[in-house]
Structures are given as C-alpha cells and as structure tokens.
Amino acid sequence: MSKEKIPFLDLRVTDEEERLELLEAVDKVLRHGRIVLGPEVEEFERRIAERVGRRFAVGVNSGSDALVVAMRALKIGRGDEVIMPALSFVASANAVAIVGGKPVFADLAADLNVDADTIASLVSPATKAIMPVHWTGRVCNMERIVAIADRHGLAVVEDASQAFDASWRGRKAGTFGAIGCFSMNSMKVFASIGEAGVMVMDDPALYEKCLELRYHGVVNKEYAVSLSQNARLHTIQAAALLVRLKRLDALIAKRREHADYYNKRLGNAVTVPTEGPDEYHVYYTYTIQSDRRDALKMHLEANGIEVKIQHPLLMPQHPLYSPDAKGMWQNADRLIKGVLCLPANEKITAQQRERVADAVLAFTGNV
Ligand SMILES: *Cc1c(COP(=O)(O)O)cnc(C)c1O
C-alpha cells in the first residue's frame, strides 16, 4: 500500500492559471498604488453583498475582527451576555470578552450545531445577543434561533466564518441576523492569501457604524467618536479574493463530491455529517464521529493520512474561560470526544479519498 502522505490541507497554489491571475491582480494593485482601501476593496464588498444577498458588506482584516467590530457596533460591553455554542474556535468567545462582555455557552445537538432549546434556557436579564456559529460549513436551525431572539429582543450576530455560501431554505449564511461575519483566512473554503474577513448587514445606520469602527471609530478622516481598532481589509487580499471568487462554485462542488463519496462509503461504519433537503453544506470540514476516535486517528496517521480534531476543547474548557464559565455543555463535552475531520479539501484526488475511506473501513472492520 502506498504511504504517500495525504495532507489535510495544501495551501500551495497549484492551478497555474489561478497563480498567474493572482500575480496579475497583485501587480495591478502595486501599479495603481491605492494600497489602503483601494478600488478592489469596494468591488469585493459589492460582489459579496450581492452574492450573500444583503444590502451592505464591509471588508475587514479577519473573521475575528468582523466579530469584534460587530460587538462594538451593537454596543455590547461590560456585563452584557452573549449566548453562543460551547464548541467554536475561541475567536467567537474572545470577541465578546474583548469588549468587556461575557460569553455564555450553550450546548450542542447531535449534528454539532448549537441546540436552540439550550439557548432559550440561558437567556437572562443581562443577555444582549445570540451568536450562532455555523459549524463545519452547515447553517444552524436559524428559524428557532431568530424566534428566541425576537421573543426576548436580542440581536443575532452570525459567526459564519466557516460557512460562506452555505444556505438553509435558499437563504445564505450571514443573512439571518443583524450582522453576518465571515472569515476568509487562508484555511477557509473561500480563502485569501493571508488574513481577511467581511461583515454583511441591511441596516444603513449599522453599515455606517461598521465603516467607522473598521478604522478606530474615526469619522471625516480625523474625528474619533467611538473606541475601536484598525480592522481594515488589505487591498491586495481583496484583489486575491476577487480572483478566487471566480472558482468558488467549482471548489465547493468538489468538496461536496468528496463528502458524498465519504457518506456513501462510511455511513454504516461511523457517524457521518448530515445534510437535510433544505440545506446546502459547504464542508469547511468533513467531520465524522466515532466512539473509538483516538485509536482511529492513530490508525489513519499510521497510514499517512493527516486528520484533525476540531476541537479537542470546548471554549469554556480553555484556561482563559474555565474559572468562571457560564452555561451548559454536557452533550458538547461528550460529542467532542468523538469528532474527527478527514481530508476533504478540493485538492485531494479520487484515489486519495478512496485510500482514506479504505483505511477507515479497515479500522472499523466494515471492509
Ligand atoms: C476561522 C474562524 C474564526 C476566526 O477567523 P479569522 O479570520 O481566522 O480571524 C472565527 N470563528 C470561527 C468559527 C472560525 O472558524
């Protein structure tokens, strides 16, 4: 058996045509010289708003910045609680803590997305917002979450970092709350060649506020009116993202094809991700669940297959949050002991994914 390594991700630009287009796009920025908030940033924002289906988009330097700017725009601060799933990249909780608020952790349903019932039970007089995270590239049950928010007068900020172009009942991730936040860091499905992010919204006043907060809360180039940071999107990254946008449909189709293949081969051996008839999953990660996860991981690694556990810790279990973490995460704590992400990026070949599936089945004894 071939032991050639199968990488979880490969960030090299191997498509020669794409590589030349990226170089040309960067060269164009170098020549026009509008390095800061240049025309490519504006074009990127226009294209994103149009594609996602919202009135406005504000390009920012990262998904993390998008979340922090969203918290500032909604005036979340000291003592305010924001309910979010216990499982996410720690950037979700940090966005709330950075502005002085308190993340409150809700439990997960079996599909690894937040369990709306537990959100409802955590609403307190201090709650100001709900931050659903569309985990693995699949949209949460937004109907229930928006209903809870409306009932209690709470804002919804979607952490759609992993879910650009994912949809639920024909509505795209990022269109359900007051603000939708995306990351385009180099590991995401729609990836820059560095760090990038974007926020989307419909309300013109909120849009103006986010523009102001993107650069130190400064208006009319000189007057600082609110506390913020430098969160501007680089023109070069916007230019690269415009190049990548052209190939995004094909890239997501490839990931979905890998997922479909794995689902068919592995569905009886491990718990595979689901996709309901109303859902469109973009598979930022292809995450399986197994009650022998650690042994399976070792077996795959011994066969040259790079896999990832996203994540081994829940946010309330990090030393930063564990001393006074608030919420409930019993189900989540059980679920994360079983999660394992298989290589399913657009660059893996049919032979490679076959090797991955064969190795999983050899381990589970379902061959
Ligand atoms: C990637 C990610 C972030 C952070 O985005 P950056 O662009 O890396 O700052 C936040 N939340 C989730 C769920 C993510 O996957």
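Residues numbered from 1 in each chain as written. Predicted model: local features only at pLDDT ≥ 70, side-chain atom pairs only at ≥ 80, totals over all residues. Heavy atoms only, no water.

Peer 1: Explain the side chain of R72 to me, please; I cannot follow it from the model alone.
Peer 2: The residue R72 is located in helix α3 (residues 63-73) in this model. No salt bridge is formed by the buried R72; the nearest opposite charge belongs to D65, separated by 8.0 Å. (Helix = DSSP H or I, 4+ residues; strand = E, 2+ residues; numbered from the N terminus. Buried < 20%, exposed > 50% of the residue type's maximum accessible area, 1.4 Å probe, protein only. Lys, Arg positive; Asp, Glu negative; His and termini not counted. Salt bridge = Lys/Arg side-chain N within 4 Å of Asp/Glu carboxyl O.)

Peer 1: In this structure, what is going on with the site of the ligand? I would like to understand it.
Peer 2: Around the ligand, 15 residues are found, and the nearest of them are G63, S64, D159, S183 and K188. Between G63 and the ligand, the recorded distance is 2.7 Å, taken from a backbone N or O atom to an oxygen atom. At 3.4 Å, a side-chain N or O of S161 approaches a nitrogen atom of the ligand. When isolated, the ligand has an accessible area of 380 Å², and the protein chains bury 94% of it. (Near = heavy atom within 4 Å. Polar contact = N/O pair within 3.5 Å; in protein donor to acceptor, adjacent residues only side chain to side chain. Areas by Shrake-Rupley, 256 points an atom, 1.4 Å probe, with all protein chains shown as cover.)

Peer 1: Honestly, the environment of T271 in this entry has me stumped. Any pointers?
Peer 2: When you line up the elements, T271 lands in the loop between α9 (248-266) and β12 (279-280). Taking the C-alpha atoms as reference points, T271 and V339, 68 residues apart in sequence, are found 9.3 Å from one another.

Peer 1: Just checking my understanding: could you explain the sheet that holds strand β7 (residues 171-172) for this structure?
Peer 2: Sheets are built from strands paired through backbone hydrogen bonds, the pairs being either parallel or antiparallel. An order of β7-β6-β12 is seen for the 3 strands of this open sheet, with the pairing classed as antiparallel. Either end of the sheet is taken by a strand with one partner, and the two such strands are β7 and β12. As paired elements, strand β6 (residues 167-168) and β7 share 2 bridges and run antiparallel to each other. Paired with S167 across the bridge in β7 is K172. (Pairing = 2+ DSSP bridges.)

Peer 1: Hey, could you run me through empty space enclosed by the protein in this one?
Peer 2: Picture a little ball the size of a water molecule; that probe, rolled over the atoms, points out where space is still empty. Tallied over the full model, the rule gives 1 cavity of 30 Å³ or more. Lining the largest cavity we find S161, Q162, A163, F164, S183, K188, V189, F190 and V282. Across the lining of the largest cavity, the residue classes break down as 5 nonpolar, 3 polar and 1 charged. (1 Å grid on protein atoms, 1.4 Å probe; cavity = no way out; pocket = protein on both sides within 12 Å on 5 of 7 lines; lining within 4 Å. Points joined across faces, edges and corners; volume = space filled by probe spheres on them. Nonpolar A, V, L, I, M, F, W, Y, C, P; charged D, E, K, R; others polar.)

Peer 1: Looking at this structure, I do not really get the nonpolar core. What am I missing?
Peer 2: Core analysis: the largest hydrophobic core is formed by 69 residues, its most contacted members being M71, M199, Y262, L266, Y286, L300 and L342. Among the elements that line this core, the one with the most residues is α3, at 7 residues. Other than its neighbours up to four places away in sequence, Y262 contacts G267, Y286, L342, P343, A344, I348, R353, V356 and A357. (Core = buried A, V, L, I, M, F, W, Y, C linked by side-chain atoms within 4.5 Å. Contact = heavy atoms within 4.5 Å.)

Peer 1: I would appreciate a short explanation of the packing of aromatic side chains in the present structure.
Peer 2: Each aromatic ring pair is specified by the distance between its two centres and by the angle formed by the two planes. Under the counting rule described, the total for this entry stands at 9 aromatic pairs. Considering the side-chain rings of F164 and F182, the 5.1 Å spacing of their centres and the 75 degrees angle between planes classify their relative orientation as edge-to-face. Of this pair, F164 sits in the loop between β5 (155-159) and β6 while F182 sits in strand β8 (residues 179-183), and the two are 18 residues apart along the sequence. For the pair F164 and F182, a shared accessibility class is recorded, and that class is buried. Among the aromatic side chains, those forming a connected cluster through ring pairs are Y261, Y262, Y283 and Y286. (Phe/Tyr/Trp six-rings, centres within 6.5 Å; stacked < 30°, edge-to-face > 60°.)

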